[in-house]
Every structure is written in C-alpha cells, then in structure tokens.
Amino acid sequence: MSSANPQPFLPFTRPAIDDETIAGVAEVLRSGWITSGPQVKAFEAALSQLFGGRPVRAFNSGTCTMEIALRIAGIGANAGGSATDEVITSPLTWVATSNVILETGARPVFADIDPVTRNIDLAKAEAAITPRTKAIIPVDLAGLPVDRDRLHALAKKHNLRVIEDAAQAMGSTWRGHLIGSKAASNDFASFSFHPNKNITSIEGGCLVLNDEREARLAEQYRLQGVIRTGFDGMDVEVLGGKFNLTDIAARVGLGQLKHLDAFNTARRELARRYFELFDTPAARARNLGLPVADFENSNWHMFQVVLPEGPRCLSRAQVMGKMHAAGIATGVHYPPIHLFSLYRDLGWKPGDFPNAERVGRAILTLPLFPAMTPADVERVVKTLTEILQKN
Ligand SMILES: *Cc1c(COP(=O)(O)O)cnc(C)c1O
C-alpha cells in the first residue's frame, strides 16, 4: 500500500520553530553578544512569571538542572552530604534521572512503577524510605503528573526534599495549577528544553527554586562557582561546573514559550483522536495497553502504547521495523534503568521491578507533535492495527 502511494516519512516528534524566532536568533547572532546574557535573563524572567513569580534559573540541559538541585540540597558525597545518602526515583525514566544521583555521590533507590500510570508507585516509594533517604525524584512520564497531593504528604511526613523531574511536564497541571508553580510543586521543579520536549531551546533546561539563596547557589554551580563583586572582585566558594545556557538557545526558548498553550492544545486534540481510533473493535482486538486518558492534567508529551506479549506476538523490534517500513517512526521511552550494565554492576538484577520491566519491554511511543494532523493519527493507528493483526 505504501509503495503504491508513498507518503512522507512521519517522525515520532518534530520541533516547530516559527519565523519570528528564527529572525530573533539572527538578531542575537548579529548583536555581538551570543553566550549567556540578556536573552537568558529575559527567558528566566518569562519562566518565573509563568511559575507565579518563583525564582527560575536556566541551564544548558535538564540533566545538569537536576544535578544542581541535588547539590543545592547538599545531597551526596560530592555535594557536602554523605556517600550513604539515598534518593528514591522511578526505574522507568530517561537514565539522566538516576545518573545525576550517582554523579553527586549519592545512592539511587528505585521504587517500581504503577503499571497503569507508568509513574512511580508512591506506596512502594514510601516502603523504600530508610533513615538515609534524603530526597525523592518523581518523574511525570509522558507529561502525566505524579499525584502531587500524595507526593507532598509523603515528603512532609518523612522530611524529604523533592526534586520534580518535570522534564516532560512543561504545561502539565495538578488541580488546575501549573506543575512548577507553588500550588502544584512545593520544592524544586526541573524542566528540559531538549528538542523532543513540548517546548525547546535546542538544548537546555530550567530549575524552579524556593528562594533567592538557592537561586544564587544555582548561579554559582552553573558557572565554576564564581561570584563577582564590583568591577574586579571574584571569589569561588563552591565547586561549580560549566552549565550556562547561550543567548541563542534562550532566544529560541523565548520564541517557543509563546506557543506553549497552543502546542499543548494541539497535542491534546491529537491524543483524543488516538483514543477514538483505538476504541474500534478491530483496534481493541489487538490488546494494546493504552495510556491513562487524562485530559485534565497531562500536556501529552508522548502517546505510548504497551504492546501485547506472547509466543504468537511480534516482538517490539519487529513492530518498529514494520512501522518504519511503512514510513512511520516510533520510539522507546524507556528501557528500565536498573537493567543497564552500569546499574547491574551496582547490584540490580532482572526481577527487581517487575512492572517497570514488563512496561519497559513492550512500551512504544507513537508519533505525536503539534504539526501532526488527524489524518496522520489515522494513518498510525491503521498501520499499527494491521501490523499487529498479521502476526
Ligand atoms: C529529557 C529528560 C531529561 C533530561 O533532559 P536533557 O535536557 O536532555 O538533559 C531528564 N529526565 C527526563 C524524564 C527527560 O525526559
């Protein structure tokens, strides 16, 4: 069918950069100041306004953003804490989430996911708390928020810092409040602006902080620990790195921020169409695991199905290959972290987190991005349904 009537290749995601942003980037390039400067300040101010006036600092990735939050909280042997400090997180996330825990010299502790939401199971997280637990890093996978009421109660009860890995949750809400704002997020919230995320600054991220003291520390950790005073004063009090965002990236981020609501509305409508099309007898018979149909809180960062498994089923790699042959890209987000070699060498093994393993083995990200059309969604569902039927 696709050879008789070839259709353009459909990626699983694609950034949408408007002409105004491109012109703005050209202006920055001509301005004589291209690294961190006025555009970064403007981007931070716009983000701070979005999050209800909380302090926000921008960085060159979402990864270092979380690492800096851990450092500010003094967690881990490399951040003034202890090598036995424990940080609880999900095994089903981008590996950055737990790598930053190792990076600061603390210990990741995984708690299995809830197979329905695919987010950390907070009852299991609570069961994993020990006297050494210092923080929890909840991850809003695909933009579906972790239950903030239960999360806040848990953190309060056990005196834990919270570093929300909201990399995928830009524009998601909890009870009508934006994730990152005080009403939804009462400690650190970290976002990523990687090109695959709902808004991008090419590479980049931001951290929503609690007060000006933390913001000042974030600035120090962002650039070699340097503090400047007057015209020529310079000191270094803490070991910082090189995590500053460029003005070019910040200008892209500013241009994107204007479209956040429109982008997320488009994603939500496409997600609705996926649900309608997966709710036909032919599609239902394929036994796909669908995401939670959340049109209240989620920013629909991804639309992910869980493939059926069994001796008569195609493997995920086979399904992806056939989709690719039909001109449709799919993705895997994510293989469970504890089964990567680095983590197995630290002692984790198959069977430790059965829900994350089952979902991680069979989860498949379908195309979803603002410039997609309902006809693209129809093409994806039709193609996938046919592939699964022919196994
Ligand atoms: C993208 C992402 C990150 C890392 O962000 P970068 O900007 O790529 O460093 C961390 N956690 C999750 C869940 C992500 O999706």
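Residues numbered from 1 in each chain as written. Predicted model: local features only at pLDDT ≥ 70, side-chain atom pairs only at ≥ 80, totals over all residues. Heavy atoms only, no water.

Here we come to the packing of aromatic side chains. A full pass over the atoms with the stated rule returns 15 aromatic pairs. With 5.8 Å between their ring centres and 75 degrees between their planes, phenylalanine 275 and phenylalanine 295 make a pair best called edge-to-face. In this pair, phenylalanine 275 is assigned in helix 9 (residues 260-278) and phenylalanine 295 in the loop between helix 10 (281-284) and strand 12 (303-306), connecting sequence segments 20 residues apart. Classification of phenylalanine 275 as buried rests on a relative accessible area of 15%. With a centroid separation of 5.8 Å and 80 degrees between ring planes, the pair formed by phenylalanine 275 and tryptophan 300 is classed as edge-to-face. Of this pair, phenylalanine 275 sits in helix 9 while tryptophan 300 sits in the loop between helix 10 and strand 12, and the two are 25 residues apart along the sequence. (Phe/Tyr/Trp six-rings, centres within 6.5 Å; stacked < 30°, edge-to-face > 60°. Helix = DSSP H or I, 4+ residues; strand = E, 2+ residues; numbered from the N terminus. Buried < 20%, exposed > 50% of the residue type's maximum accessible area, 1.4 Å probe, protein only.)

This part is about the pairing of strand 10 (residues 226-229). In this sheet, strand 11 (residues 233-236) lies alongside strand 10 in antiparallel orientation, the contact comprising 4 bridges. Its bridge partner being in strand 11, isoleucine 227 is matched across the sheet by aspartate 235. As consecutive antiparallel partners, strand 10 and strand 11 are separated by 3 residues, and within that stretch glycine 230 has a phi angle of approximately 60 degrees, a positive value. (Pairing = 2+ DSSP bridges.)

Let us now look at the nonpolar core. Counting residues in hydrophobic clusters, the biggest one holds 43 residues, and the most contacted among them are Tyr274, Phe278, Phe303, Val305, Val319, Leu366 and Leu384. Two domains share this core, each providing at least three of its residues, namely domain 1 (19-257) and domain 2 (260-390). Residues contacting leucine 384, with those up to four places away along its chain left out, are Phe278, Leu288, Val305, Val319, Met323 and Leu366. Ranked by size, the runner-up nonpolar core spans 26 residues in total, among them Phe43, Phe51, Trp174 and Leu254. (Core = buried A, V, L, I, M, F, W, Y, C linked by side-chain atoms within 4.5 Å. Domains from an automatic or database assignment. Contact = heavy atoms within 4.5 Å.)

Per the domain assignment, the segments of the protein are domain 1 (19-257) and domain 2 (260-390). Computed from C-alpha atoms alone, the centre-to-centre distance between domain 1 and domain 2 is 26 Å. At the junction of the two partners, domain 1 supplies 39 residues and domain 2 supplies 36 residues. For the pair domain 1 and domain 2, the summed buried area comes to about 3,000 Å², and 59% of that belongs to carbon and sulfur atoms. (Buried area = accessible area lost by both parts, 1.4 Å probe.)

The next point concerns the sheet that holds strand 5 (residues 161-165). With respect to topology, 7 strands assemble into an open sheet ordered 1-9-8-5-4-2-3, the strand pairing being mixed. Two strands bound the open sheet, and with one partner strand each, they are strand 1 (56-59) and strand 3 (107-110). Going from strand to strand, the sheet's axes swing by 25 degrees on average, the running direction of each strand aside. Relative to strand 5, strand 4 (residues 133-137) is paired through 2 bridges, and the arrangement is parallel. Directly across from isoleucine 136, in strand 5, lies its bridge partner valine 162. Against the sheet, helix 2 (residues 38-50) engages strand 1 and strand 9 (205-208), with an angle of about 135 degrees to strand 1. (Axes fitted to C-alpha atoms, helices over the stretch in contact; angles between N-to-C directions.)

For the rest of this paragraph, the subject is the pattern of salt bridges. Tallied over the full model, the rule gives 23 salt bridges. Residue arginine 161 is joined to glutamate 214 by a salt bridge in which the shortest nitrogen-to-oxygen separation is 3.1 Å. Of the two residues, arginine 161 sits in strand 5 while glutamate 214 sits in helix 7 (residues 212-222), which places them 53 residues apart along the sequence. Overall, the relative accessible area of 3% leaves glutamate 214 in the buried class. With a closest N to O distance of 2.9 Å, aspartate 352 and lysine 349 form a salt bridge. The network of salt bridges with shared partners includes Glu20, Arg251 and Lys258. (Salt bridge = Lys/Arg side-chain N within 4 Å of Asp/Glu carboxyl O.)

With that out of the way, let us pick up the environment of arginine 273. Within the secondary structure, arginine 273 is located in helix 9. For arginine 273, a relative accessible area of 25% translates into the label partly exposed. Along the backbone, arginine 273 and glutamate 378 are 105 residues apart, and their C-alpha atoms lie at a distance of 8.1 Å. When near neighbours in sequence (up to four residues on either side) are disregarded, arginine 273 contacts Val377 and Glu378.

Further remarks concern the side chain of glutamate 44. Note on placement: glutamate 44 falls in helix 2. Classification of glutamate 44 as buried rests on a relative accessible area of 8%. The residues touching glutamate 44, leaving out its near neighbours within four places in the chain, are Val56, Arg57, Ala58 and Arg222.

The next thing to look at is helix 6 (residues 148-158). Along an α-helix, residues three or four positions apart point the same way, because every turn accommodates 3.6 residues. Within the span of helix 6, buried status applies to Arg148, Leu151, His152, Leu154 and Ala155. End-on, the buried residues of helix 6 take up no more than an arc of 160 degrees, which puts them together on one face. Exposed and facing more than 90 degrees away from the buried side of helix 6 are Lys156 and Lys157. Residues of helix 6 that are buried in the fold lie against helix 5 (122-127), strand 4, strand 5 and strand 6 (173-174). Two residues or fewer after helix 6 comes asparagine 159, characterised by a positive phi angle close to 55 degrees. (Arc of directions from axis to C-beta.)

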